[in-house]
Amino acid sequence: MYYSSGNYEAFARPRKPEGVERKSAYIVGSGLAALTAACYLVRDGQMDGERIHILEKDKIAGGACDGYKYEDIGYVMRGGREMDNHFEVMWDLFRSIPSIETPNVSVLDEYYWLNKADPNYSLCRATEKCGQDAHTDKKFGLSDKGAMEIMRLFMTPNEELQDKRIDEVFDDEVFGSNFWLYWRTMFAFENWHSALEMKLYIQRYIHHIGGLPDFTALRFTKYNQYESMILPMVKYLEKANVKFEFGTKVLNVKFRSTGDGDEKKKVATAIEVERDGKKEKIALTEDDLVFITNGGCVENSSMGSQNEPAKFNTALKEGGGWDMWKKIAAQDPAFGHPEKFCSRPDLCNWESATVETLDCKILPYIEKICKRDPLSGKVVTGGIVTVKDSSWLMSWTINRQPQFREQPKGHVIVWLYGLFSEKEGDYVKKPMRDCTGREICMEWLYHIGVPVDLIDDYATNHANTVPVMMPYIDAFFMPRAYGDRPLVVPKGAVNFAFLGQFAETPRDTIFTTEYSMRTGMEAVYTLLGVDRGVPEVWGSVYDIRALLDATVKLRDGKKITDMDTNLLERIALKTLLGKVKDTDVEKLLKEYKVI
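Residues numbered from 1 in each chain as written. Predicted model: local features only at pLDDT ≥ 70, side-chain atom pairs only at ≥ 80, totals over all residues. Heavy atoms only, no water.

1. A closer look at the side chain of His193
Tracing the sequence through the fold places His193 in the loop between helix H7 (178–187) and helix H8 (195–204). Side-chain polar atoms of His193 contact the backbone oxygen of Leu347, separated by 3.2 Å. In this structure, His193 is in contact with Lys164, Arg165, Ile166, Ala188, Leu347, Cys348, Asp474, Phe477, Met478 and Pro479, ignoring residues within four places of it in sequence. (Helix = DSSP H or I, 4+ residues; strand = E, 2+ residues; numbered from the N terminus. Polar contact = N/O pair within 3.5 Å; in protein donor to acceptor, adjacent residues only side chain to side chain. Contact = heavy atoms within 4.5 Å.)

Written out as structure tokens, the structure is:
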């Protein structure tokens, strides 16, 4: 497997891999990474679909990319996905996945046309004082010292950030800024999370720094993530006769190692599963490829309802992604250290809720904040609106409506989440994790400016709210070191690979659709020896234009000549600028408003 860029390989079709006719594939899980691996096995690996088995413990595919209506509870979306135009693997695959809504059109075509016709941007990024604009005004509000802390992290070698926390590299100069408000709420980072992952995020999205305050960098699907992304992939795979084996818990994967040192060879020999309460073993040969989704950010998720809180359930059970990974990791140090991620649910949880408005009562308060008609069918909030003075640090968003194809006309689906589920609310004096859906809705209504005497009625009779508690949703952000996540294809692996958010691939960042899909593509290309390059991560971190642009925008447009520096630093800067005068370097610095 190798990386490539440019359209020479982007448009090429690989030859059929040698020996693929005698190979089979077993894919553990059916989340985005797993479905991507299956799609690449079919498209570029040219494997017979009947030889591909997707083993899923639940009754439906999609993993964390959900979006369903439960008849007895209501609409549920545990989370949402934000995409950008440089998700290279995602678009490489979706150009080949047919739309399930428009004949002779790909998912990429559909997505591209939608976001060109209705570009995303926010008109209100944050509120305070019961729905008033917090006037972040597209400013990062960083002091020179805070900006330097971010730049210093950007330049720090990864090796020096092993197991470090963000609060070990930043202080209140960053934590007290709009930058951190934008960042932590958009990506769900906490002060105690991984400094290494923070650095990788800054580098990965350096080209989008300017679009962070108003979300102009983002693009969204037409419907919820399940209907827009997962269902088209499932239909594509079903047409190829891929076998979905639902209700199948994978308890463990067994391995055999032979040889020593660099010659050590590792082979997956069996998959231990449970179907209908009966345990069985799937024996494997070296021609049986195994793709393992280890861990799971939505493992142990629990739903509440309008009148019931969602339980905070942290106990790991057999057949879950964490328990399976622990059993796998015990067999070889190269298979990672799951305990680094799943041993502190108190530090990696948050709670979300899906609100369905049942009539027009609540809509004027929404429209006052987002300055758009929620029923227009176009961009509404343009990304999350963060309640700056919320003790839960609540954020909420309304994407294009309807979010579900079968959604009743005039109803609006709102998604919200709180980063601090253990803290007492500002209106509902209870921790978020102890609240029913109705009580969470009441807290949200309070913060969007609904008069206090109407809140109870509106939350009870004019909305239906379903909370979801996710104890491990931020597990991948926990401080870590290299080796804590297994490589997508560990050294010496013959017939197996790891997929998803807890597999290690260079440069890309977790908690994105692209990361999941990249691991799926890399796994298939490596194990089958597909003769085509995997698109490399977009290289803006190596682009001097992107770096200059981000440097200026991070400081709210201030030039480097305006920095608070001492006499020696000012003399050095003046000398340097003198040396580049009347050169292309000076032109470039002026073009990007650095000087």
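2. What to know about the environment of Ser391
Examined against the element boundaries, Ser391 turns out to sit in the loop between strand E15 (385–387) and strand E16 (394–397). For the pair formed by Ser391 and Gly418, sequence separation is 27 residues and the distance between their alpha carbons is 8.8 Å. Residues contacting Ser391, with those up to four places away along its chain left out, are Phe420, Lys423, Glu424, Gly425 and Asp426.

3. Here we look at the packing of H7 against H8
Between H7 and H8, the least distance of the axes is 13 Å, while the angle of their chain directions is 100 degrees. Relative to H8, H7 is oriented roughly perpendicular. Taken together, the residues of H8 that come into contact with H7 (itself represented by Phe179, Trp180, Trp183 and Phe187) are Met198, Tyr201 and Ile202. (Axes fitted to C-alpha atoms, helices over the stretch in contact; angles between N-to-C directions. Parallel < 35°, antiparallel > 145°, perpendicular 65-115°, else oblique.)

4. Some details on the pairing of strand E19 (residues 496–499)
Residues Phe496 and Phe498 point to one face of E19 and Ala497 and Leu499 to the other, with burial holding for every one of them. Two elements, strand E12 (residues 288–293) and E19, share 4 bridges in a ladder whose sense is parallel. In the sheet register, Ile292 faces E19, and the bridge partner there is Phe498. (Buried < 20%, exposed > 50% of the residue type's maximum accessible area, 1.4 Å probe, protein only. Pairing = 2+ DSSP bridges.)

5. Observations regarding empty space enclosed by the protein
Per the counting criterion, the structure on display carries 2 cavities of 30 Å³ or more. Of all the secondary-structure elements, those providing two or more residues to the lining of the largest cavity are H7 and strand E17 (412–418). Take the lining of the largest cavity: its biggest share by element is 4 residues, from H7. A breakdown of the residues in the lining of the largest cavity according to their chemical character gives 27 nonpolar, 14 polar and 4 charged. In terms of residue class, the lining of the second largest cavity is made up of 3 nonpolar, 3 polar and 1 charged. (1 Å grid on protein atoms, 1.4 Å probe; cavity = no way out; pocket = protein on both sides within 12 Å on 5 of 7 lines; lining within 4 Å. Points joined across faces, edges and corners; volume = space filled by probe spheres on them. Nonpolar A, V, L, I, M, F, W, Y, C, P; charged D, E, K, R; others polar.)

6. Side note on the nonpolar core
Counting residues in hydrophobic clusters, the biggest one holds 146 residues, and the most contacted among them are Ile27, Phe179, Trp183, Met198, Leu237 and Phe291. Looking at this core, the element that brings in the most residues is helix H2 (residues 32–43), giving 10 residues. In contact with Leu237, not counting residues within four places along its chain, are Leu35, Ala38, Cys39, Val42, Ile54, Val242 and Phe244. (Core = buried A, V, L, I, M, F, W, Y, C linked by side-chain atoms within 4.5 Å.)

7. As for helix H16 (residues 544–554)
Within the span of H16, buried status applies to Ala546, Leu548, Ala550, Val552 and Leu554. Summarising the contacts, the buried residues of H16 are in contact with helix H5 (144–155), H7 and helix H18 (584–591). Following H16 by one or two positions, Asp556 has its phi on the positive side, about 55 degrees.

8. Remarks on the packing of helix H13 (residues 437–447) against helix H14 (residues 452–461)
Between H13 and H14, whose axes approach to 9 Å, the crossing angle comes to 130 degrees. As far as their axial angle goes, H14 and H13 are oblique. Considering the relative orientation of H13 and H14, their crossing is right-handed. Residue-level inspection shows Arg438, Cys441, Met442, Leu445 and Tyr446 of H13 in contact with H14, the latter providing Ile455, Asp456, Tyr458, Ala459 and Thr460. Here the residues of the contact of H13 with H14 sort into 7 nonpolar, 1 polar and 2 charged. (Left-handed = near helix turned anticlockwise from the far one by under 90°.)

9. Structural notes on the pattern of salt bridges
Side-chain pairs of opposite charge can arise where the charged atoms are in close proximity. For the structure shown, the criterion picks out 45 salt bridges. For Glu522, the salt bridge goes to Arg518, with nearest N and O atoms at 3.8 Å. In this pair, Glu522 and Arg518 both sit in helix H15 (residues 513–528), 4 residues apart, roughly one turn of the helix. Three or more residues joined by partner-sharing salt bridges are found here, namely Arg43, Asp44, Asp92, Arg95 and Arg532. (Salt bridge = Lys/Arg side-chain N within 4 Å of Asp/Glu carboxyl O.)

10. Overview of the packing of aromatic side chains
Inspection of every chain in the model, using the stated rule, returns 40 aromatic pairs. Taken together, a centroid distance of 4.5 Å and an interplanar angle of 40 degrees make the contact between Tyr75 and Phe404 tilted. Taken together, the residues span a long stretch of sequence, with Tyr75 in strand E5 (residues 74–76) and Phe404 in the loop between E16 and E17 at a distance of 329 residues. Taken together, a centroid distance of 5.7 Å and an interplanar angle of 70 degrees make the contact between Trp396 and Trp444 edge-to-face. One end of the pair, Trp396, is in strand E16; the other, Trp444, is in helix H13, and 48 residues separate them in sequence. Neither Trp396 nor Trp444 differs from the other in exposure class; each is buried. Above the ring of Phe420, the side-chain terminus of Lys423 is found at 4.6 Å from the ring centroid. A cation over an aromatic ring shows up here: Arg433 above the ring of Phe312, its NZ or CZ 4.2 Å from the ring centre. (Phe/Tyr/Trp six-rings, centres within 6.5 Å; stacked < 30°, edge-to-face > 60°. Lys NZ or Arg CZ within 6 Å of the ring centre and 35° of its normal.)

11. Observations regarding unusual backbone geometry
Most peptide bonds take the trans configuration, and most residues that are not glycine carry a negative phi. With an omega dihedral of 0 degrees, the bond running from Gln401 to Pro402 counts as a cis peptide bond. The phi angle at Gln46 is positive, at roughly 55 degrees, despite the residue not being glycine. Inspection of the secondary structure assignment puts Gln46 in the loop between H2 and strand E3 (52–56). In this structure, Asp163 is a non-glycine residue whose phi angle is positive, near 65 degrees. On the secondary structure map, Asp163 appears in the loop between H5 and helix H6 (172–175). We classify Asp163 as partly exposed; its relative accessible area is 38%.

12. Let's talk about the sheet that holds E12
Where strands meet in a sheet, backbone hydrogen bonds hold them as pairs that are either parallel or antiparallel. The strand order across the open sheet formed by 5 strands is E8-E3-E2-E12-E19, and the pairing between neighbours is parallel. With partners counted over all chains shown, the strands left at the sheet margins are strand E8 (243–246) and E19, one partner each. Recorded for the sheet is a direction-independent mean angle of 20 degrees between the axes of neighbouring strands. Bridge analysis of strand E2 (residues 24–28) against E12 gives 5 bridges, and the strand direction is parallel. Residue Val28 lies in a different strand from E12, and its bridge partner there is Ile292.

13. Structural notes on the sheet that holds strand E10 (residues 265–275)
Spatially, 3 strands are ordered E9-E10-E11 in an open sheet, and the strand pairing comes out antiparallel. Strand pairing shows two members of the sheet lacking a second neighbour, strand E9 (248–258) and strand E11 (278–283), which therefore form its edges. Taken pair by pair, the neighbouring strands of this sheet meet at an average axis angle of 25 degrees, ignoring direction. Sheet topology places E10 next to E11; 6 bridges connect them, and they run antiparallel. What sits directly across from Glu274, in E11, is Lys279.

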